[in-house]
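Coordinates in review
This is what each chain is made of:
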Amino acid sequence: MEMRKQRTGSASHVLVLPLPIQGHINPMLQFSKRLASKGLKVTLLTPTSTGNSMPQGNVFSINIEHIFDGYKEGERAATADEYIERFMGAVPLSLTELIEKYSATQTPVKFIIYDSILPWVLDLAKSLGIEGGPFFTQTCAVTALYYHKLQGGALKTAMEEKSLVSLPSLPQLELNDLPSLVHGPGSYPGVYGLIFSQFSNIDEASWLLWNTFNELEDEIVDWMASKWPVKPIGPTIPSMFLDKRLEDDKEYGISLFNPNSETCMKWLDSKEPGSVVYVSFGSLAALTDDQMAELAWGLKRSNAHFLWVVRESEKQKVPANFAEETAEMGLIVTWSPQLEVLAHKSVGCFMTHCGWNSTLEALSLGVPMVAMPQWTDQPTNAKFVADVWQVGVRIKVGENGMVTREEIERCITEVMMDGERRDEIRTNSEKWKKLAIMAMDEGGSSDKNIEEFVAKLESKQQ
Ligand code: UDX
């Protein structure tokens, strides 16, 4: 076990600003903890609207501070686009005030790590004489595809001709392997704007920090690194689930939802090793009523035990009587302690929407996947899970856009029961788990990048 590094004199102070959604807070919080373990002072900024669900002050090894995002404590936005608009209106001023407040202390801010979809933070930081770098919560592959979309070229042609997509350092892709927003904004113009804004000032950032690791995306990392100072620093999984190096990593996360931890873990304890399908679609995805019904009956048909996360807002979509009919087989909860669940020996596979955090968590804990992507980067992540890393299978979507109960049953059987590919998928999952641990362990590829980042920061004069 490694103790936190103690430094003499005052530590360099880094601000970390994620967009306040679960899939962005988690990796940026874990990265903050890693930086603190190397002796930096880290302040993670969380918005006022998250209210009591976010702790404040010295939590874990870092400092967490609220920042005004245009909403009073506990007040909620009606839509994602409305939130983005108010956030953009309020945060630049709140952030400036915060930086100015710290400039009068012993620990002025030296560097700002910002969510890559908030590139204006770099301009603001520079105007105040501070350096900054984006943190990418998606893969290098997905970012490369967004970049190609903006460039036009081969991706544009392939999309117009409805042909296969062949791009440098990427596997050959079908159109349904592309991130959904590459096809257009659909009903999410605000999210679309944020995603493609990532490149607006990318050439001016001194570090591009990435929640991935070299071995996982080696060719794509090299291709990206030929353009920008790309530094993979992941997987940002808490040390207790990975390299177990950090002694003070007992409490590992912050949740915007209320996990039913005890219920989940007790239930898993009562099941045989490798016998449970864990099902979750993350914090945002919403399935149609019909798709939820197919999923429910598919789980029943699989005959496997299941632990299914159905968020409060989705609960009414579960077919009536399903919970009673399957009481012997499954447990439905509104939120789970996902990392603990994935680390539990009873879990045999993860049916996931392939949000990048969920994918990386399963890969790092060696859990085979059934990939059922919904939108944004998830189709591309699913392609890599099934065909590049080969740690799972991807569900086939019917022509009407639906995944049938039979297909769900088939995929669970393939990965967890007597499928032909089960052993091969398990072997690959074990391989990637080892590589993920090595990347973060002392001297591993991501650890080296983190050390380099810290050393550069420490060497700079205030
Ligand atoms: C989103 C996008 O989907 C993702 O692709 C993007 O790159 C980041 O933001 P989300 O859809 O919520 O996030 O999925 P995911 O990236 O998987 O993040 C969900 C997080 O919530 C994971 O860290 C997971 O461990 C956690 N979680 C999920 C729980 O702790 N409990 C649950 O019950 C479900």
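Coordinates for the structure precede this section.
To start, this report covers the structure provided alongside it. Numbering of residues starts from 1 in each chain and follows the order in which that chain's sequence is written. Only residues with pLDDT of 70 or above have their local features reported here, since the model is predicted, and side-chain atom pairs are shown and tallied only from 80 upward, although totals for entire chains, interfaces and linings are computed over all residues. Excluding hydrogens and water, the side-chain figures rest on all heavy atoms present in the structure.

Structural notes on the overall build of the protein
- Helix and strand content of the protein: 16 helices and 14 strands.
- Seen through its C-alpha atoms, the protein measures out along the principal axes to roughly 65 × 55 × 45 Å.
- Throughout, exposure labels follow a simple rule: accessible area from a 1.4 Å probe, protein chains only, divided by the maximum for the residue type, with under 20% read as buried, over 50% as exposed, and the rest as partly exposed. With 462 residues in all, the protein has 60% of them scored as buried.
- Any two residues having at least one pair of non-hydrogen atoms within 4.5 Å are treated as being in contact. Counting only contacts in the protein whose residues sit at least 6 apart along the sequence, the fraction spanning at least 24 positions is 68%.
- Counting only carbon and sulfur atoms, one obtains 50% of the accessible surface of the protein, whose full area is about 19000 Å². By the criteria applied, helices consist of DSSP H or I runs no shorter than four residues and strands consist of E runs no shorter than two, each listed in order from the N terminus. Surface accessibility follows the Shrake-Rupley procedure with a 1.4 Å probe radius. Residue values consider only the protein chains on display as shielding.

Some points on the nonpolar core
- L35, L95, I113, M224, L307, L363 and W389 are the most contacted members of the largest nonpolar core, which has 122 residues in total.
- Take this core: its biggest share by element is 8 residues, from helix α2 (residues 80–103).
- Two domains each donate at least three residues to this core, and these are domain 1 (13–252 + 441–460) and domain 2 (261–436).
- Dropping the residues within four chain positions of it, M224 is found in contact with C140, T143, A144, W210 and V230.
- If you look at the next biggest cluster of nonpolar residues, it comprises 31 residues, including A304, M372, V403 and V415. In these notes, a set of buried Ala, Val, Leu, Ile, Met, Phe, Trp, Tyr and Cys residues joined through side-chain atoms within 4.5 Å is what counts as a nonpolar core. Note that the domain bounds reflect an automated or database-derived domain assignment.

What about the pattern of salt bridges?
- The rule for a salt bridge is simple: a side-chain nitrogen of Lys or Arg has to be within 4 Å of a carboxyl oxygen of Asp or Glu. Within this structure, the stated rule accounts for 22 salt bridges.
- Here E325 ties to K300 by a salt bridge, and the two come within 3.3 Å at their closest N and O atoms. One end of the pair, E325, is in helix α10 (residues 322–325); the other, K300, is in helix α9 (residues 289–302), and 25 residues separate them in sequence.
- With a shortest N-O distance of 3.4 Å, R422 and D423 are connected by a salt bridge.

Digging into the packing of aromatic side chains
- Aromatic contacts are taken between Phe, Tyr and Trp rings whose centres are within 6.5 Å, Trp giving its six-membered ring; a plane angle under 30 degrees counts as stacked, one over 60 as edge-to-face, and the others as tilted. All chains considered together, the criterion is met by 21 aromatic pairs.
- Between F199 and W228, the ring centres sit 6.3 Å apart and the planes meet at 40°, which makes this aromatic pair tilted. Of this pair, F199 sits in the loop between α6 (189–197) and β7 (208–210) while W228 sits in the loop between α7 (218–225) and β8 (230–232); the two residues are 29 residues apart in sequence, bridging distant segments of the chain. Just as F199 is buried, W228 falls in that class too.
- Consider the rings of F213 and W432, whose centres lie 6.4 Å apart with planes at 65°: the pair is edge-to-face. With F213 in the loop between β7 and α7 and W432 in helix α15 (residues 422–440), this pair connects stretches of sequence that are 219 residues apart.
- Clustering of aromatic rings is evident, with ring pairs tying together Y147, F199, W223 and W228.
- Remark: a charge is flagged as sitting over a ring if the NZ atom of Lys or the CZ atom of Arg is within 6 Å of the ring centre and within 35 degrees of the ring normal. In this structure, R86 is placed above the aromatic ring of Y71, and the distance from its NZ or CZ to the ring centre is 4.1 Å.
- Directly above the aromatic system of Y102 lies the positively charged group of K101, at a separation of 4.9 Å from the ring centroid.

Notes on the site of the ligand
- By convention in these notes, a residue is near a molecule or strand provided one of its non-hydrogen atoms lies within 4 Å of it. Neighbouring the ligand are 21 residues, the closest being S283, S336, S358, E361 and D377.
- By the criterion applied in these results, polar contacts are pairs of N or O atoms within 3.5 Å in which, for protein atoms, one can donate a hydrogen and the other can accept it, and in which residues neighboring in sequence qualify only through two side-chain atoms. In the environment of the ligand, an oxygen atom lies 2.6 Å from a nitrogen or oxygen atom belonging to the side chain of D377.
- In the model, an oxygen atom of the ligand is placed 2.8 Å from a nitrogen or oxygen of the Q378 side chain.
- Contact with the protein chains hides 94% of the accessible area of the ligand, taken as 660 Å² for the molecule alone.
- Those elements giving two or more residues to the shell around the ligand turn out to be α1 (22–37), β9 (276–280) and α12 (356–364).
- We call Asp, Glu, Lys and Arg charged. Ala, Val, Leu, Ile, Met, Phe, Trp, Tyr, Cys and Pro are nonpolar, and the rest, Gly among them, are polar. The residue makeup of the shell around the ligand, split by class, is 4 nonpolar, 15 polar and 2 charged.
- Two domains each provide a minimum of three residues to the shell around the ligand, namely domain 1 (13–252 + 441–460) and domain 2 (261–436).

These results come straight from atomic positions and should not be treated as a statement about function.
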